[in-house]
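The chain contents come next:
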Amino acid sequence: MNQHVTMPSEVQEYYNAINQYQPEAFIDLFAEEAIVRDNGKQIQGREAIEAWGEAELFSAKVRFTINEIEESGDRIAVTAEMEGEFNRNRVPAPQLFRHDFKIRKGKISSLDVTLK
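Residues numbered from 1 in each chain as written. Predicted model: local features only at pLDDT ≥ 70, side-chain atom pairs only at ≥ 80, totals over all residues. Heavy atoms only, no water.

K.L.:
What am I meant to see in the packing of aromatic side chains here?
P.N.:
For any pair of aromatic rings, geometry is given as the distance between the ring centres together with the angle between the planes. By the definition in use, this model includes 10 aromatic pairs. Plain terms: the ring middles of Tyr14 and Phe26 are 5.7 Å apart, the flat faces sit at 40° to each other, and that makes the pair tilted. On the criterion of sequence distance, the pair formed by Tyr14 in helix 1 (residues 9–19) and Phe26 in helix 2 (residues 23–28) is long-range, its members being 12 residues apart. These aromatic residues form a ring-pair network of at least three members: Tyr14, Tyr15, Tyr21, Phe26, Phe30, Trp52, Phe58, Phe64 and Phe101. (Phe/Tyr/Trp six-rings, centres within 6.5 Å; stacked < 30°, edge-to-face > 60°. Helix = DSSP H or I, 4+ residues; strand = E, 2+ residues; numbered from the N terminus.)

Here is the structure:
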């Protein structure tokens, strides 16, 4: 993990909400018109992101361990290993994902999720 990059609190809270199974705290982190791009799918707006979070994260009891943090301009990229109760055939081991966050006015305005 890059020790020279300070992770914004909104990004840390994103992982805390998932790891501690707090769907209400999770959705509160997103701006009203936020966009999530998850391996080719685009999800826009808090209602759609809430449904995505439940289907992809909370129902599978996902937990993330952060491996690396990078900062590039106004974006923060986090590489994290995913564990949980999901079909592991869909994702090669270890399940490493890159989360590319953009934060505006204290909320996540966009999140790109890709397999690392």
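K.L.:
Got a minute to help me understand the pairing of strand 3 (residues 63–72) in this structure?
P.N.:
It is a general feature of regular strands that their side chains alternate between the two faces of the sheet. Both strand 3 and strand 4 (residues 75–83) contribute to a ladder of 9 bridges, which runs antiparallel. Bridge pairing in strand 4 links Ser72 to Arg75. Between strand 3 and strand 4, which pair antiparallel one after the other, the connecting turn spans 2 residues, and Gly73 there sits at a positive phi close to 60°. (Pairing = 2+ DSSP bridges.)

K.L.:
Quick question: what am I supposed to make of the pairing of strand 2 (residues 41–44) here?
P.N.:
Pairing analysis gives 4 bridges linking strand 1 (residues 30–38) to strand 2, with the strands arranged antiparallel. Paired with Val36 across the two strands is Ile43, which belongs to strand 2. Between the antiparallel neighbours strand 1 and strand 2 lie 2 residues, among them Asn39 with a positive phi of about 45°.

K.L.:
When you look at the environment of Lys41 in this model, what are you seeing that I'm missing?
P.N.:
Tracing the backbone shows Lys41 in strand 2. In this structure Lys41 touches Val36 and Glu56, once residues within four positions along its chain are discounted. (Contact = heavy atoms within 4.5 Å.)

K.L.:
How do you make sense of helix 1 when you look at a structure like this?
P.N.:
Residues lying three or four places apart along an α-helix face the same way, a consequence of the helix completing one turn every 3.6 residues. Along helix 1, the residues classified as buried are Glu10, Val11, Tyr14, Tyr15, Asn16, Ala17 and Ile18. Following helix 1 by one or two positions, Tyr21 has its phi on the positive side, about 50°. (Buried < 20%, exposed > 50% of the residue type's maximum accessible area, 1.4 Å probe, protein only.)

K.L.:
Sorry, what's going on with unusual backbone geometry here?
P.N.:
Most of the time, phi is negative for any residue but glycine, and the peptide bond is trans. One non-glycine residue with positive phi stands out, namely Tyr21, at about 50°. By the element assignment, Tyr21 lies in the loop between helix 1 and helix 2. Overall, Tyr21 belongs to the partly exposed group, its relative accessible area being 45%. Positive phi, normally seen in glycine, also occurs at Lys61, with a value near 50°.

K.L.:
Where do I start with the sheet that holds strand 4 in this structure?
P.N.:
Strands pair in a sheet through their backbones, by hydrogen bonds, and they do so in one of two ways: parallel or antiparallel. Strand order in this open sheet of 6 strands is 2-1-6-5-4-3, and the pairing throughout is mixed. The open sheet terminates on both sides in strands that have one partner only, identified here as strand 2 and strand 3. Looking at each pair of strands side by side, their axes are set apart by 20° on average, direction ignored. One ladder, built from 5 bridges, connects strand 1 with strand 6 (residues 107–115); its direction is parallel. Counted as the bridge partner of Asp38 is Val113 from strand 6. Relative to strand 5 (residues 96–104), helix 1 is tilted by about 130°, and along the sheet it contacts strand 1, strand 3, strand 4, strand 5 and strand 6. Sheet strands touched by helix 3 (residues 46–58): strand 1, strand 2, strand 3 and strand 6. Its angle to strand 1, the strand with the most contacts, is close to 45°. (Axes fitted to C-alpha atoms, helices over the stretch in contact; angles between N-to-C directions.)

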